[in-house]
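Residues per chain, in single letters:
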Amino acid sequence: MLDSYFLQQLINGLTIGSAYALIAIGYTMVYGIIGMINFAHGEIYMIGAYTSLIVISGLAALGIAWLPVVLIVALLGAVIVSSSMGWAVERVAYRPVRGRHRLIPLISAIGMSIFLQNYVHLAQGSRNMGFPTLMEGGFTFGDAGSFQTSLSYIQITIFVITLICMAALSVFIARSKTGRACRAVSQDLGMSSLLGINTNRIIATTFVIGAALAAVAGLLLGMYYGSIDPLFGFIAGLKAFTAAVLGGIGSIPGAMLGGLILGVSESMTSGYLSGEYKDVVSFGLLILILLFKPTGLLGKPEVEKI
Amino acid sequence: MLEVRDLSMRFGGLLAVDRVSLDVQEHEIVSIIGPNGAGKTTVFNCMSGFYRPSGGKILFEDREIQGTPDYKISRLGLVRTFQHVRLFSRMTVVENLLVAQHRHLNTNLFSGLIKTPNYRLREQKSLDRAAYWLNRVGLLDMANRDAGNLAYGQQRRLEIARCMVTEPKLLMLDEPAAGLNPAETRELNQLIISLKEDYHVSVVLIEHDMSLVMEISDRINVINQGRPLASGTPDEIRHNDDVIKAYLGEA
């Protein structure tokens, strides 16, 4: 029989990991297409969380409390605001400097990230804000008296929404016309352009998709943690970036896998060692992967043809 | 249909192309030949919007196109290949042809999501066109393989098919026979002539394989060290003293 304590850590890890995976997809898609890391991505996620908090408070003020409506409207609001932010980041911080030395877009993205963080500081205040959980309770397994495994409704919601998002993204990339163009652009940007694909639009699309998924994660993790602050995106961004590298940056299934592995290893560390060690473990994993398999678990090694 | 007037391209202190002029009429195969480093590919790069030329004009159907972004040039019907194969190697053969028709499918995301009848119709059309061209270049059996797994000669044919599904008016081929064996080169010959005869596409060709050039070209332009050296029919070029000198050195 599975140890119920272990099972609990696994559930917690998969919950947090699937949210990491959602954010990691944004990093990996942008990297896959333009070969650059979007360092403002964590902030987009944070803005998604703030937007959904604002929407939820607004709906509460109007007296609307029916859960499905609140959840859907909050998701929509967060996705719309974050997607426009993602689009704007590409337009302002990436497109004007694309094709220059790689450090230049990196610096402009960091600038963008600092700007967004401080903007939210000013607009929303720098203190923690409580985030309504919206749903209480859950299922518990195991006999009373010993350790009981619990699976809360919110964890189930996180799993389900993440699964839906990932399935939708996979179908989009594999089947749709725009998805096909995304794959083409990520393989050979110049050739795609010569075949008449508007590559600027495709690049903007990947920023928008990544931002939309980050916004979903923002709402889900906001509910899960129960409080948000303007620095909320920074550490989550780093974790998701680690997840993307772990799975193989540029690979979407890799980002999903990397997120789950990272989440599980973190919760196992908190559960069996100590919560303080979880960041040590996740960034230690990053170092190990970079040392022994720099292309990540599912990344393909770059073979230069001569 | 295409006219290049006094085209110049300067990279720093190097004048790679110096006042080259050429023209292509409808229904014509025009070759550009010259020793290595003569500037042939640079001319191509200017024509396809890869480079913005330092001087001169490029007119396509009486429209100036120099400096126009490459995706807009290809939408006008001017499509090119490269010296080395540039397929999307991790996509299947048929996907390579579908993605090339991206702009023909230019519907918005919304109609793609709910798959309107119009969208389905266009999707079907582009699939039909892809199948037609795969059959034409003998790759129909390979449709679902990854393009990167094809043999080299097949990859070159797929590249031409990928250009053709965009329904170009003018095709620019940069050394299409490079790396092909004699049998494959003969097949390519037939294909290029058929593009002109059956599909009414004009072709501009850069090629080193003289047998190919002489056999299929209507006219030939010779470039040497960035400058135009001669132009004329294959027969005129074959007997041109300047050309013989440039290729064989002074006697």
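Heads up: the structure comes first, above all this text.
What you see is a predicted model, and the numbers here were worked out from it, not measured in a lab.

Digging into the side chain of E43(A)
All names here are of chain A.
- Examined against the element boundaries, E43 turns out to sit in helix α2 (residues 41-61).
- This buried residue, E43, is left without a salt bridge; K239 holds the nearest opposite charge, at 14 Å.
- Reaching out from E43, the side chain makes a polar contact with the side chain of Q117 at a distance of 2.8 Å.
- Not counting chain neighbours up to four residues away, the residues in contact with E43 comprise S113, L116, Q117, G233 and F234.

Digging into the sheet that holds strand β9 (residues 219-224) of chain B
Residue and element names in this part refer to chain B.
- Taken in spatial order, the six strands line up as β6-β7-β8-β3-β9-β10 in an open sheet, and their pairing is mixed. Whereas interior strands pair on both sides, the edge strands pair on one side only; in this sheet they are β6 (78-80) and β10 (227-232). In this sheet, neighbouring strand axes are inclined to one another by 15 degrees on average, regardless of whether the strands run parallel or antiparallel.
- Summarising the sheet, β6 and strand β7 (residues 170-174) pair through three bridges and their orientation is parallel. Residue pairing across strands places L78 opposite L170, the latter belonging to β7.
- On top of the sheet, helix α1 (residues 40-47) reaches β3 (29-33), β6, β7, β8 (202-206) and β9; it is set at about 145 degrees to β7, its chief contact.
- Most of the contacts of helix α7 (residues 182-199) go to β3, to which it runs at about 140 degrees, and overall it touches β3, β7 and β8.

Concerning the environment of S192(A)
- Topologically, S192(A) is positioned in helix α7 (residues 189-194).
- A sequence separation of 25 residues divides S192(A) from A217(A), and the C-alpha atoms of the two residues are 31 Å apart.
- Those residues in contact with S192(A), other than ones at most four positions away along the chain, are A184(A), V185(A), I197(A), T199(A) and F88(B).
- Among the polar contacts listed, one links the side chain of S192(A) to the backbone oxygen of D188(A), at a separation of 2.7 Å.

Reading the values: rules and limits
- Just so you know, the residues in each chain are numbered from 1, in the order the chain's sequence is written.
- Both sets of labels track the order of writing: A upward for chains, 1 upward for ligands.
- Reporting in this predicted model follows two pLDDT cut-offs: at least 70 for local features of residues, and 80 or more for side-chain atom pairs to be given and counted; totals over whole chains, interfaces and linings ignore these cut-offs and use all residues.
- The basis for every side-chain value is the complete set of heavy atoms in the structure, and neither hydrogens nor water enter the calculation.
- Secondary structure follows DSSP: runs of H or I at least 4 residues long count as helices, runs of E at least 2 residues long count as strands, and numbering of each begins at the N terminus.
- Relative accessibility thresholds used throughout: buried, under 20% of the residue-type maximum; exposed, over 50%; partly exposed, between the two (1.4 Å probe, protein chains only).
- Asp and Glu count as negative and Lys and Arg as positive, but His and the ends of the chain are not part of the count.
- Any carboxyl oxygen of Asp or Glu within 4 Å of a side-chain nitrogen of Lys or Arg constitutes a salt bridge here.
- For this analysis, a polar contact is any N or O atom pair within 3.5 Å, provided that within protein one partner can donate a hydrogen and the other can accept it, and provided that sequence-adjacent residues contribute only side-chain to side-chain pairs.
- The contact rule is simple, with two residues in contact once any of their heavy atoms fall within 4.5 Å.
- A pair of strands is treated as paired once DSSP finds two or more bridges between them.
- In this description, a line fitted to the C-alpha atoms serves as the axis of each element, helices being fitted only across the stretch in contact, and the angle between N-to-C directions of two axes falls anywhere from 0 to 180 degrees.

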